[in-house]
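So you can see what is in the structure, the chains are spelled out below.
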Amino acid sequence: MSQPSGDVRALVEQIAKALVDEPDQVSVSQVDGDVIELKVSPNDVGKVIGAKGRVARALRALIGAAGIRLQKRFTLEILE
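Here goes a summary of the coordinates provided. Numbering of residues begins from 1 in every chain and follows the order in which that chain's sequence is written. In keeping with the model being predicted, local features are shown solely for residues with a pLDDT of at least 70 and side-chain atom pairs are shown and tallied solely at 80 or more, while totals for entire chains, interfaces and linings include all residues. For the side-chain quantities, the full set of heavy atoms in the structure was used; hydrogens and water were omitted.

1. Some remarks on the sheet that holds strand E1 (residues 27–31)
In step 1: For two strands to be treated as a pair, DSSP must find at least two bridges joining them. Secondary structure is summarised from DSSP: a helix means a run of H or I of at least four residues, a strand means a run of E of at least two, and numbering begins at the N terminus for each. One open sheet accounts for three strands, arranged E1-E2-E3; its pairing is mixed. The sheet is open, and its two edges are formed by E1 and strand E3 (75–79), each paired on a single side. The average angle at which neighbouring strand axes cross in this sheet is 20°, direction not considered.
In step 2: Relative to E3, strand E2 (residues 35–39) runs parallel, the two sharing five bridges. Opposite Lys39, over in E3, you have Leu79 as the bridge partner.
In step 3: Contacts are residue-level and defined by heavy atoms, with any inter-residue pair within 4.5 Å sufficient. Under this scheme, a helix contributes an axis fitted over its contacting stretch, all axes are lines through C-alpha atoms, and angles between N-to-C directions fall in the 0 to 180 degree range. Across the face of the sheet, helix H3 (residues 54–70) comes into contact with E2 and E3 while running at roughly 145° to E3.

Written as structure tokens, this is what we have:
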């Protein structure tokens, strides 16, 4: 059986663009192979973090599940 392939960076970018008001301001970069940095417009930071951090926690859970399939552990950092 072949290894599963996937781009976690693209997954985070697609979800973030669906959440924010200014999708053209979304920037996702992968640093050191395991750290994913998400940068959005200052007006949209609250939408990406969510009430009590629930949206950010859900994003981290999704990339954690994707990482299990790829046998890697990813970390999501939301930059302001």
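Text resumes after the structure shown.
2. Details of the nonpolar core
In step 1: We define the nonpolar core as a collection of buried residues of types Ala, Val, Leu, Ile, Met, Phe, Trp, Tyr and Cys that are connected through side-chain atoms lying within 4.5 Å of one another. The buried label goes to any residue with under 20% of its type's maximum accessible area, the exposed label to any with over 50%, and the partly exposed label to all in between, with areas taken from a 1.4 Å probe on protein chains only. Of all hydrophobic cores here, the largest spans 18 residues; its most connected members are Val12, Leu38 and Leu76.
In step 2: By residue number, the principal contributor to this core is H3, which donates four residues.
In step 3: Non-local contacts of Leu76, meaning those with residues more than four positions away in its chain, are made with Val12, Ile36, Leu38, Leu59, Arg60 and Ile63.

3. Regarding the packing of helix H1 (residues 8–19) against H3
In step 1: Remark: H1 packs on H3, axes separated minimally by 10 Å, with the N-to-C direction vectors making an angle of 155°. In terms of their interaxial angle, H1 and H3 are classed as roughly antiparallel. Here H1 and H3 pass one another in a crossing that is right-handed. In this structure, H1 contributes Val8, Leu11, Val12, Ile15 and Leu19 to the contact, and H3 contributes Val55, Leu59, Leu62, Ile63, Ala66 and Leu70.
In step 2: Polar here means any residue other than Ala, Val, Leu, Ile, Met, Phe, Trp, Tyr, Cys and Pro, which are nonpolar, and Asp, Glu, Lys and Arg, which are charged; Gly is therefore polar. Residue composition of the contact of H1 with H3, by class: eleven nonpolar, no polar and no charged. By definition in this entry, angles of less than 35 degrees are roughly parallel, angles greater than 145 are roughly antiparallel, angles of 65 to 115 are roughly perpendicular, and the rest are oblique. It is the rotation of the near helix from the far one that decides the hand of a crossing: anticlockwise by less than a right angle makes it left-handed, clockwise makes it right-handed.

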